[in-house]
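Results of the structural survey
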Amino acid sequence: GALRKAGDDKYDNYHLYEIAEGGRWTVRKGRDELELTQHLPDAGSGYAYIYQKNVRLTEGKTEMVLTHSLKNVGKRAIQTSVYNHNFLVLDHQGPGPGVTISVPFAIQTSQPFRSELAEVRGRQIVYLKTLEGRDTVAMGLEGFNHDPKDNQIRIENSRLGAGLSWGTDRPLWRESLWSIRTVIAMEPFVSLSIEPGAQFTWKIVYEYYTVPKTAPQVGSLTLH
């Protein structure tokens, strides 16, 4: 939607802005899909769009597909970025030993990443200890190419024998990891630049799968 400015022109992610125009939402439901459409009119700003999101379960597969489109129906170009938090919890288990995050590229960071909780091993991030209390593992990932093939992620938990992979059909603009005792959030950003009258689409495919279970090492888990 459209927010009302507060103070200077710089946008603050953590400020609660007044909604100037929430647009009009319509919802279409199917047996295995849900489609949401938002029409945002031009309220004098020059910005207007039609946004559509479709959530669909693939029959016969442990797969969920998100398709999005954003059509610029205003007078000004839309230049922004979009990402999913992707909060992941498998069987109520938080991050810890046995949990591995994998990407297609050799992971680099602008600041050296040192932590007794996790470490970078080439194309993987491996958790060394179970996150508790206010423990966090967070970092920006670099080293990717501007090719959709690098916008792929796998998170596996060998203690549970479960994994989740997802990929996007657009190249990465930015990528980050944030995790705490309850969730892992891998956040791939996609850049959008849409001229008036143009439309931008992107798709994300999620798939759950099983992996071989491994026995936990003694002392690696905290039991409750």
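Predicted model only: the values in this text are computed from it and were never measured. (Residues numbered from 1 in each chain as written. Predicted model: local features only at pLDDT ≥ 70, side-chain atom pairs only at ≥ 80, totals over all residues. Heavy atoms only, no water.)

Looking now at unusual backbone geometry. One non-glycine residue, Asp 91, lies in positive phi territory at about 50 degrees. Position of Asp 91 relative to the elements: it lies in the loop between strand E8 (87–88) and strand E9 (99–102). For Asp 91, a relative accessible area of 56% corresponds to the exposed category. Of note, the phi angle at His 92 is positive, near 65 degrees, even though the residue is not glycine. Secondary-structure assignment places His 92 in the loop between E8 and E9. What makes His 92 exposed here is its relative accessible area of 78%. (Helix = DSSP H or I, 4+ residues; strand = E, 2+ residues; numbered from the N terminus. Buried < 20%, exposed > 50% of the residue type's maximum accessible area, 1.4 Å probe, protein only.)

A few words now on the side chain of Ser 158. By the secondary structure assignment, Ser 158 is in the loop between strand E13 (152–157) and strand E14 (162–168). A polar contact of 2.9 Å, which involves the side chain of Ser 158, links it to the side chain of Thr 214. Each residue touching Ser 158, except ones within four places of it in the same chain, is listed here: Gly 98, Val 211, Pro 212, Lys 213 and Thr 214. (Polar contact = N/O pair within 3.5 Å; in protein donor to acceptor, adjacent residues only side chain to side chain. Contact = heavy atoms within 4.5 Å.)

A few words now on a nonpolar patch on the surface. A contiguous nonpolar patch, built from Leu 3, Tyr 11 and Ile 19 and spanning about 330 Å² of accessible area, is present on the exposed surface. With respect to the element layout, Tyr 11 can be found in the loop between strand E1 (2–3) and strand E2 (19–21). (Patch = residues over 30% accessible without salt bridge, like charges linked within 9 Å, V, L, I, M, F, W, Y side chains within 5 Å. Areas by Shrake-Rupley, 256 points an atom, 1.4 Å probe, with all protein chains shown as cover. Salt bridge = Lys/Arg side-chain N within 4 Å of Asp/Glu carboxyl O.)

Take the pattern of salt bridges next. One pass over the structure, following the stated rule, counts seven salt bridges. Ionic pairing is found between Arg 28 and Glu 33, a salt bridge with its closest N-O pair at 3.6 Å. Accessibility expressed as a relative area gives 38% for Arg 28, which makes it partly exposed. The partly exposed category is assigned to Glu 33, whose relative accessible area is 23%. Here Glu 35 and Arg 28 are joined by a salt bridge, their closest N and O atoms 3.4 Å apart. On the basis of relative accessibility, which here comes to 17%, the residue Glu 35 falls in the buried class. Linked by salt bridges that have partners in common, Arg 28, Glu 33 and Glu 35 make up one network.

Next up on the list: the pairing of strand E17 (residues 199–210). Pairing of strand E6 (residues 63–72) with E17, which is carried by nine bridges, proceeds in the antiparallel orientation. Its bridge partner being in E17, Lys 71 is matched across the sheet by Gln 199. In terms of strand pairing, E14 meets E17 through seven bridges, oriented antiparallel. Each bridged residue has a counterpart across the sheet, and for Gly 167 the counterpart in E17 is Val 205. (Pairing = 2+ DSSP bridges.)

Here we take up the confidence of the model for the chain. Per-residue confidence for the chain gives a mean pLDDT of 93, with 96% of residues at or over 70. Here residues 218–224 scores under 50 on pLDDT; set against residues more than four positions off or in separate chains, the count is seven contacts. (pLDDT = per-residue confidence, 0-100.)

Take the environment of Ile 194 next. Following the sequence through the fold, Ile 194 ends up in strand E16 (residues 184–194). By relative accessible area, which is 1% here, Ile 194 ends up buried. A C-alpha to C-alpha distance of 9.0 Å links Ile 194 and Arg 76, two positions 118 residues apart in sequence. The contacts of Ile 194, once residues within four sequence positions are left out, are Leu 70, Asn 72, Ala 77, Ile 78, Gln 199 and Phe 200.

Residue placement: Gln 38 occurs in strand E4 (residues 33–40). Note on Gln 38: relative accessible area 5%, which makes it buried. One polar contact links the side chain of Gln 38 to the main-chain carbonyl oxygen of Gly 22, over a distance of 3.0 Å. Within polar-contact distance, the side chain of Gln 38 engages the side chain of Tyr 49 at 2.9 Å. Sequence-distant contacts of Gln 38, defined by excluding residues within four places in its chain, comprise Gly 1, Gly 22, Gly 23, Arg 24, Trp 25, Tyr 49, Ile 50 and Tyr 51.

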